[in-house]
Amino acid sequence: MKKKKLVVLTGAGISAESGLKTFRDTDGLWEGYNIEDVATPRAWRKNLQLVLDFYNMRRKNVMEAQPNAAHIGLAELENDFDVHIITQNIDDLHERAGSTKVLHLHGEILKMRSEKNERLIYNIQDDIRPGDTAEDGAQLRPHIVWFEEAVPMIEPAIGLAGEADIFLVVGTSLAVYPAAGLINYTPQGIPKFIVDKKIPYTSSLHDIVAIEKSATEGVKELAALLQKLKM
Ligand code: APR
């Protein structure tokens, strides 16, 4: 029998228990940095070294982190569902936990690209330095979608949301668009769930089952609830 399509939108909260900082919690990344200084095209033009340092540090943090029970729990749902993860996270913890269909809306920290040609993308584990160039001779930059830049993967993400039989949201403040609007593209009446340590208040969250717990606990609870929905 065909498995139901389970579409999951994740954010920084799912990786918090792996030791990676969220953005908007107390002690989140945006408390220590000004978004304008590190995550915009203007910052890149103004202070390339600072932007590279910021993302070189993020890359080290990600490589030192391990997937937690929430990433693993979502990967295990593939036994019973056709699971598609749409993540705002730039880490690779969903992939390392075993999820096979992961769409990164905001880019990937373990990739870099030409600053002139967004299709010239390379894997990277070490630092990116000023003067490191792609094959077109242009400076290499992190493969990250910055504020004020287009989000190319939003189109396939909207397509997935529209085909969902069940929709889950895990660990995101739903503060950043267009990602936060994806829930509005889900078919009417499908079961929807949100897991977050502090459920965000937004008008799109009507008609949704809210599990106000940490990602690891909440995903475990969710997996039990989903057993009843798999047929
Ligand atoms: N378990 C579950 N949820 C958690 C946990 C946890 N252990 N810790 C924090 N959270 C929740 C917070 O309550 C909050 O709702 O995770 C959410 C984190 O929100 P943000 O820090 O805003 O992260 P996110 O929603 O992923 O941010 C979206 O903003 O700056 C950009 O590009 C960046 O992709 C990011 C986007």
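Everything quoted here is computed from the prediction, not taken from an experiment.

## What to know about the site of the ligand
Step number 1: With respect to spatial proximity, 23 residues lie near the ligand, and among them Arg-24, Trp-30, Thr-172, Ser-173 and Asp-196 are the closest.
Step number 2: A distance of 2.8 Å separates an oxygen atom of the ligand from a polar backbone atom of Ala-12.
Step number 3: Between the ligand and the protein, one listed contact pairs a nitrogen atom with a backbone N or O atom of Ala-215 at 2.8 Å.
Step number 4: Protein chains shield 94% of the accessible area of the ligand, which is 730 Å² for the free molecule.
Step number 5: Classifying every residue of the shell around the ligand by side-chain character gives seven nonpolar, nine polar and seven charged.

## Considerations on the sheet that holds strand β3 (residues 102-104)
Step number 1: Ordered in space as β3-β2-β1-β7-β8-β9, the six strands form an open sheet in which the pairing is parallel. Whereas interior strands pair on both sides, the edge strands pair on one side only; in this sheet they are β3 and β9 (209-211). On average, each strand axis in the sheet is tilted by 15° relative to the strand beside it, whichever way the strands run.
Step number 2: Inspection of the sheet shows strand β2 (residues 82-87) paired to β3 by three bridges, in the parallel sense.

## Some remarks on the pairing of strand β7 (residues 166-170)
Step number 1: The buried count for β7 comes to five of five residues, which makes it a mostly enclosed element.
Step number 2: For strand β1 (residues 5-10) and β7, the ladder comprises five bridges, and the chain directions are parallel. Bridge pairing in β7 links Thr-10 to Val-170.

## A closer look at the environment of Lys-4
Step number 1: Structurally, the position occupied by Lys-4 is in the segment before β1.
Step number 2: On the basis of relative accessible area, Lys-4 is assigned to the partly exposed category, the value being 24%.
Step number 3: Every residue in contact with Lys-4, bar those within four places of it in the chain, is listed here: Phe-81, Asp-82, Asp-165, Ile-166, Leu-229, Lys-230 and Met-231.

## Topic: the side chain of Glu-78
Step number 1: By the element assignment, Glu-78 lies in the loop between α5 (69-76) and β2.
Step number 2: The side chain of Glu-78 sits in the buried core without any salt bridge; Lys-101 is the nearest counter-charge, 5.7 Å away.
Step number 3: Setting aside residues up to four positions removed in sequence, Glu-78 forms contacts with Lys-3, Val-83, Gly-98, Ser-99, Thr-100 and Lys-101.

## Some thoughts on the pairing of β1
Step number 1: Of all the six residues making up β1, six are buried; the element is thus mostly covered by neighbouring parts of the structure.
Step number 2: On β1, burial covers both faces: Lys-5, Val-7 and Leu-9 on one face and Leu-6, Val-8 and Thr-10 on the other are all buried.
Step number 3: Here six bridges tie β1 to β2, and the two strands are oriented parallel to one another. Among the inter-strand pairings, Leu-9 is bridged to a residue of β2, identified as Ile-86.

## Some details on the packing of aromatic side chains
Step number 1: According to the stated counting rule, one finds seven aromatic pairs in the structure shown.
Step number 2: Taking the centre distance of 5.1 Å and the plane angle of 35° together, the rings of Phe-23 and Trp-30 count as tilted.
Step number 3: Judged by relative accessible area, which is 30%, Phe-23 ranks as partly exposed.
Step number 4: A residue is classified by how much of its surface remains accessible, and Trp-30, at 17% relative accessible area, is buried.
Step number 5: Cation over ring: Arg-58 sits above Phe-54, and NZ or CZ is 4.5 Å from the ring centre.
Step number 6: Stacked on the ring of Trp-146, the Lys or Arg Arg-141 has its end atom at 3.8 Å from the ring centre.

Here is what the cut-offs are and how they apply
Residues numbered from 1 in each chain as written. Predicted model: local features only at pLDDT ≥ 70, side-chain atom pairs only at ≥ 80, totals over all residues. Heavy atoms only, no water. Near = heavy atom within 4 Å. Polar contact = N/O pair within 3.5 Å; in protein donor to acceptor, adjacent residues only side chain to side chain. Areas by Shrake-Rupley, 256 points an atom, 1.4 Å probe, with all protein chains shown as cover. Nonpolar A, V, L, I, M, F, W, Y, C, P; charged D, E, K, R; others polar. Pairing = 2+ DSSP bridges. Helix = DSSP H or I, 4+ residues; strand = E, 2+ residues; numbered from the N terminus. Axes fitted to C-alpha atoms, helices over the stretch in contact; angles between N-to-C directions. Buried < 20%, exposed > 50% of the residue type's maximum accessible area, 1.4 Å probe, protein only. Contact = heavy atoms within 4.5 Å. Lys, Arg positive; Asp, Glu negative; His and termini not counted. Salt bridge = Lys/Arg side-chain N within 4 Å of Asp/Glu carboxyl O. Phe/Tyr/Trp six-rings, centres within 6.5 Å; stacked < 30°, edge-to-face > 60°. Lys NZ or Arg CZ within 6 Å of the ring centre and 35° of its normal.

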